Amino acid sequence: MKTKYVTIDHSRPLGPQVAPWGEILRAGGLVAFPTETVYGLGANGLDSEAAKKIYVAKGRPSDNPLILHVLDRDGLAPLVKEIPPLVDRLISEFWPGPLTLVLPKSDIVPTTVTGGGATVAVRAPSQPVARALITAAGVPLAAPSANLSGRPSPVTAPAVRHDLDGRVDVILDDGACRIGLESTVVSLQENELVIYRPGAITLEMLSAFAPTRLDTALVTGQGIPKAPGMKYRHYAPRVPVYLYTGETEKIRAALAKTYDSRRGYLVSAETARALPAGENIYIWGEAADAAAYAAHLYQGLLYLDETAAEEIYAEGISDQGIGLAVMNRLLKAAAYQVREVK
Ligand code: TXA
Ligand code: MG
């Protein structure tokens, strides 16, 4: 398959630019598109055959369910058995945005999309191109992250092309994704919210609406997570990653004292100043800026993995707010190799 590469032009209306790709989606094709979290690999979410193509293109296990992307509550309603009042409140507060809701599915959702299960995951992205594409397609879009299984989620269109060139009909380029980490996946159990995957809608934010906890497998790193995707080997760089945790100043001192130019460093600007300058140092942002870490994490890991580094040392941050999602992805990349600095 020859993959088209289309750069979005913001000096012109979006509708006509994405209209042809809405047609392609309705006809069962695959379209890679930007969202505010990461790039998605979209297909008609109500078409079993189209959804199967996603698994083939990504090389993804078919028991790992997909997220359906809609515009709003009206798009959600036909896909689920019911919308409980708590879910309505979450939708009013957080949609459109990076919150994925897991609910019992209605009959129109094919089990190909749900990994054979009785629940479906749905979110309403806020990114304008994503929204224009859903409108043009006129159907919910099943869209996992637009990477090959086992690679980092792409936050730019060239990263999508690296993985999926020749495997999709088109890649829509609208620059870097604002958030940079995948959406928060949450399920409603009794009147409690359970986070299957942490993201930009944080534990603290959800706790304002209902008692909220993390899925136990996320907390312990053991057992089978409720979001099947969390059990598969996630992006594991070629070289070993060591995650440093503890007080910021102590991490900084430890990294400076043991510095070795053969290593790659994923650090804040402040920590970088304590190290010799070099190509082996990727700065994710200012130390207090967890959102900047989220936005640059995957690119930083990719960059360091592709340089000649023998190991990667990553600076850990507080797990408050979006820091929880950052640390969750870092722990996976590091295969839980943590060095706690005392
Ligand atoms: O930000 C995002 O969510 C991005 C963009 C493209 O929207 N999409 C994304 O999709 O990250 P994917 O397929 O890479 O991750 C979906 C996660 C997986 O961990 C999957 O197991 C979980 O959501 N999931 C999907 N349906 C589920 C369900 N019914 N029950 C539990 N977990 C589910
Ligand atoms: Mg993914």
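Residues numbered from 1 in each chain as written. Chains lettered and ligands numbered in written order. Predicted model: local features only at pLDDT ≥ 70, side-chain atom pairs only at ≥ 80, totals over all residues. Heavy atoms only, no water.

Colleague: Could you clarify how one ought to interpret the sheet that holds strand S14 (residues 281-283) in this entry?
Modeller: Backbone-to-backbone hydrogen bonds pair the strands of a sheet. The strands run either parallel or antiparallel. Pairing is parallel in the open sheet, where 5 strands are placed in the order S14-S13-S15-S12-S16. Of all strands in the sheet, those bounded by a partner on one side alone are S14 and strand S16 (338-340). Direction aside, the axes of adjacent strands within the sheet are offset by 20 degrees on average. Here strand S12 (residues 241-245) runs beside S16; their pairing, made up of 3 bridges, is parallel. Bridge pairing in S16 links Leu243 to Val338. Sitting on the sheet, helix H10 (residues 248-257) touches S12, strand S13 (263-267) and strand S15 (311-315), and the angle it makes with S15 is about 155 degrees. Docked against the sheet, helix H13 (residues 323-333) engages S12, S13, S15 and S16, running at close to 140 degrees with respect to S12. (Pairing = 2+ DSSP bridges. Helix = DSSP H or I, 4+ residues; strand = E, 2+ residues; numbered from the N terminus. Axes fitted to C-alpha atoms, helices over the stretch in contact; angles between N-to-C directions. Contact = heavy atoms within 4.5 Å.)

Colleague: Is there a simple way to explain the side chain of Arg123 in this structure?
Modeller: For Arg123, the position within the fold is in strand S6 (residues 119-123). Looking at Arg123, its side chain comes within polar contact range of the side chain of Glu36, at 2.8 Å. (Polar contact = N/O pair within 3.5 Å; in protein donor to acceptor, adjacent residues only side chain to side chain.)

Colleague: Would you mind showing me how to read the UniProt feature "binding site: ATP" (unreviewed entry) in the protein here?
Modeller: UniProt's feature table lists "binding site: ATP" (unreviewed entry) at Arg60, Asn64, Thr119, Ser145, Ser153, Arg197 and Tyr235, given in the numbering used throughout. Annotated residues spanning 176 residues; largest pairwise C-alpha distance 25.9 Å, indicating distribution over more than one region. With respect to the helices and strands, the residue Asn64 is situated in the loop between helix H2 (48-58) and strand S4 (67-69). Given the relative accessible area of 8%, Asn64 is considered buried. Along the polypeptide, Thr119 turns up in strand S6. Beyond its immediate sequence surroundings of up to four residues, Thr119 is in contact with Val102, Leu103, Pro104, Lys105 and Thr114. (UniProt positions renumbered as here; feature names shortened; annotations may be inferred. Buried < 20%, exposed > 50% of the residue type's maximum accessible area, 1.4 Å probe, protein only.)

Colleague: How should the packing of helix H1 (residues 14-26) against helix H6 (residues 128-137) be read in this particular structure?
Modeller: As a packed pair, H1 and H6 sit with axes 7 Å apart at the nearest point and diverge in direction by 50 degrees. What the angle tells us is that H1 and H6 run oblique. For the pair H1 and H6, the sense of crossing is right-handed. Of the residues in H6, those in contact with Leu14, Val18, Ala19, Trp21, Gly22, Leu25 and Arg26 of H1 are Pro128, Val129, Ala132, Leu133, Ala136 and Ala137. Residues that form the contact of H1 with H6 fall into these classes: 11 nonpolar, 1 polar and 1 charged. (Parallel < 35°, antiparallel > 145°, perpendicular 65-115°, else oblique. Left-handed = near helix turned anticlockwise from the far one by under 90°. Nonpolar A, V, L, I, M, F, W, Y, C, P; charged D, E, K, R; others polar.)

Colleague: Would you mind going over the pairing of S13 with me for this structure?
Modeller: Two faces, one strand: in a regular strand the side chains alternate between the faces of the sheet. Judged by how many residues are buried, S13 sits mostly within the fold: 5 of 5 residues are covered. Neither face of S13 is left uncovered, since the one carrying Arg263, Tyr265 and Val267 and the one carrying Gly264 and Leu266 both have all their residues buried. Here 4 bridges tie S13 to S15, and the two strands are oriented parallel to one another. Of the residues in S15, the one forming a bridge with Arg263 is Glu311. One ladder, built from 3 bridges, connects S13 with S14; its direction is parallel.

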